[in-house]
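Breakdown of the fold
Listed below are the residues making up each chain.
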Amino acid sequence: MQVYADNAATTRLRPAALDTYIKTAREFYGNPSSLHEVGQAAKEVLEDCRARIARALGATNADRIIFTSGGSEADNQAIFSAARAGARKGKRKIISTAIEHHAVLHPLERLREEGFEVVLLPVGENGIVSVKDLERELSDEVCLVSVMLANNEIGTLQPVKEISALCKAHKIPVHTDAVQAVGHMPVNATELGVDYLALSAHKFGGPRGCGALFVKAGAPVFPLIEGGAQERNKRAGTENLPAIAAMTTALEEALSMLPQTAQKVSALRDKLIAGLRKIPHGILNCDDKLRLPGNVGFGF
């Protein structure tokens with residue numbers, strides 16, 4: 001019997017998502033940007049998926065969703081958009097954390113090379129960033145605060161809602177990498193108060209190579225990829241409609257089963273932790289309570 005314990009890296013494609021992918025690829029093969037009947041039929045599916053993803057994230061308007069190739073692209077687009085808008089106003093400081101995914105850390109490193117000041121806040125022994133530490137770094141020069149919602153290595157949950165409220169008072173946009181959170185815990189972009197939120201389909205049973213970026217109304221967003229007018233001129237390239245449809249199906253199924261799944265997986269997580277704690281010199285590398293249901297970060 002094989003035990004697969006690498007779901008933070010990628011998940012198995014849900015059967016319902018695979019069925020949706022095949023059906024969409026077979027029946028809606030037109031280009032959503034085409035004006036003919038076949039293309040317009042594909043566009044209807046695309047916009048239906050956009051509206052459903054928006055609802056799943058608590059967004060008030062479907063136009064808030066930009067489809068991408070995954071979480072990395074979504075993170076990059078948010079970070080570079082905020083940096084570009086900030087630079088135009090003379091704001092060239094970005095605050096993030098030392099435990100971000102490389103999809104955030106590497107763009108920040110590039111911006112540092114371009115003259116931006118990048119502050120990476122440490123986290124405490126519980127793996128959680130201090131809001132007070134963040135507040136001390138806030139200034140008129142800050143153009144973005146980027147803090148992940150859930151960590152991919154140790155599963156800790158960050159106080160993004162509190163951070164957003166603090167930054168809103170200073171008129172500073174907030175980006176959160178929610179790739180590990182969406183589909184595994186309730187995530188409402190409106191309630192979190194963030195300006196940008198990134199997700200990736202293959203973390204909750206959708207296909208690889210597909211994701212989305214939520215952009216709050218009024219938040220600056222610029223294309224990373226130039227070309228056609230797709231995604232309201234924010235992301236050029238013909239949309240991967242079968243993958244987008246499959247992602248939508250996977251997310252809706254994950255959310256419909258979330259209460260039962262979270263309870264079952266949390267129990268298995270706690271059982272594993274209890275067993276690991278019996279091994280000498282072991283330590284749980286995260287907070288006991290503020291963590292994902294299906295993540296155990298243990299060190300020896």
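Predicted, not measured: the structure shown is a model, and the values here were computed from it. Once a new chain begins, its residue numbering starts again from 1 and follows that chain's sequence as written. Per-residue local features of the predicted model are confined to residues with pLDDT of at least 70, and side-chain atom pairs are confined, for both listing and counting, to 80 or more; whole-chain, interface and lining totals are unaffected and use all residues. Calculated side-chain values reflect all of the structure's heavy atoms, with hydrogen atoms and water omitted.

**Details of the overall build of the chain**
As a reminder of what qualifies: Segments assigned H or I by DSSP are reported as helices when at least four residues long, segments assigned E as strands when at least two residues long, and all are numbered from the N terminus. Using C-alpha atoms as the atom set, the radius of gyration is obtained and then compared with a globule rule of 2.2 Å times the number of residues to the power 0.38. For this analysis, residues touch if any pair of their heavy atoms sits within 4.5 Å. Areas reported here follow the Shrake-Rupley algorithm with a probe of radius 1.4 Å; residue values treat only the protein chains shown as occluding. Positive charge is attributed to Lys and Arg, negative charge to Asp and Glu, and no charge count is given to His or to the chain ends. To locate a charge, the coordinates of NZ of Lys, CZ of Arg, CG of Asp or CD of Glu are taken.
Broken down by element type, the chain carries 10 helices and nine strands. Rg of the C-alpha trace for the chain: 20 Å, near the compact-globule value of 19 Å for 300 residues, within the 12% margin. Within the chain, contacts between residues at least 6 apart in sequence are counted, and of these 67% link residues at least 24 apart. With the model as given, the accessible surface of the chain reaches about 14700 Å², and the carbon-plus-sulfur share is 53%. Separation between the mean location of the 35 positive side-chain charges and that of the 34 negative ones in the chain comes to 2 Å.

**Here we look at the layout of surface pockets**
Where we set the bar: A cavity, in this analysis, means grid points on a 1 Å lattice covering only the protein atoms where a 1.4 Å probe fits yet has no way out; a pocket is instead an open set bounded by protein on both sides within 12 Å along at least five of seven lines, and a residue lines either one if it has an atom within 4 Å of a point. Grid points are joined across faces, edges and corners, and a volume is the space filled by probe spheres set on the points. Think of it as three bins: nonpolar holds Ala, Val, Leu, Ile, Met, Phe, Trp, Tyr, Cys and Pro, charged holds Asp, Glu, Lys and Arg, and polar takes everything else, Gly as well.
Space inside the largest pocket adds up to approximately 1300 Å³. Around the largest pocket, the lining comprises 36 residues; the ones closest to its centre are Tyr4, Asn7, His184, Val265 and Gly294. At eight residues, the largest contribution of residues to the lining of the largest pocket is made by helix α10 (residues 258-276). The residue inventory of the lining of the largest pocket, partitioned by class, reads 17 nonpolar, 12 polar and seven charged. Considering only enclosed or pocket space, the second largest pocket measures out at about 280 Å³ in volume.

**What to know about the environment of Lys203**
What counts here: Residue exposure (1.4 Å probe, protein chains only): buried if accessible area is under 20% of the type maximum, exposed if over 50%, otherwise partly exposed.
Within the secondary structure layout, Lys203 lies in the loop between β6 (196-200) and β7 (211-215). Lys203 gets classed as buried once you look at its relative accessible area, which sits at 11%.

**Considering the pattern of salt bridges**
Spelled out, the test is: Any Lys or Arg side-chain nitrogen found within 4 Å of a carboxyl oxygen on Asp or Glu counts as a salt bridge.
Summed over all chains, the structure comprises 13 salt bridges. Here Asp48 and Arg52 are joined by a salt bridge, their closest N and O atoms 2.9 Å apart. Here Asp48 pairs with Arg52, and both are found in helix α2 (residues 37-56), just four residues apart, close to one helical turn. Judged by its relative accessible area of 38%, Asp48 is partly exposed. Here Glu252 ties to Arg52 by a salt bridge, and the two come within 2.8 Å at their closest N and O atoms.

**Quick word on the nonpolar core**
Just so we agree on the cut-off: Only buried Ala, Val, Leu, Ile, Met, Phe, Trp, Tyr and Cys residues count toward a nonpolar core, and they belong to the same one when joined by side-chain atoms within 4.5 Å.
One finds Phe67, Val145, Val182, Leu197, Phe204 and Met247 to be the most contacted residues of the largest nonpolar core, which totals 55 residues. Contacts of Val182, omitting those with residues within four sequence positions, involve Leu57, Val187, Leu197, Leu199, Phe204 and Leu251. Counting residues in hydrophobic clusters, the runner-up holds 21 residues, among them Ala74, Ala78, Ile94 and Val104.

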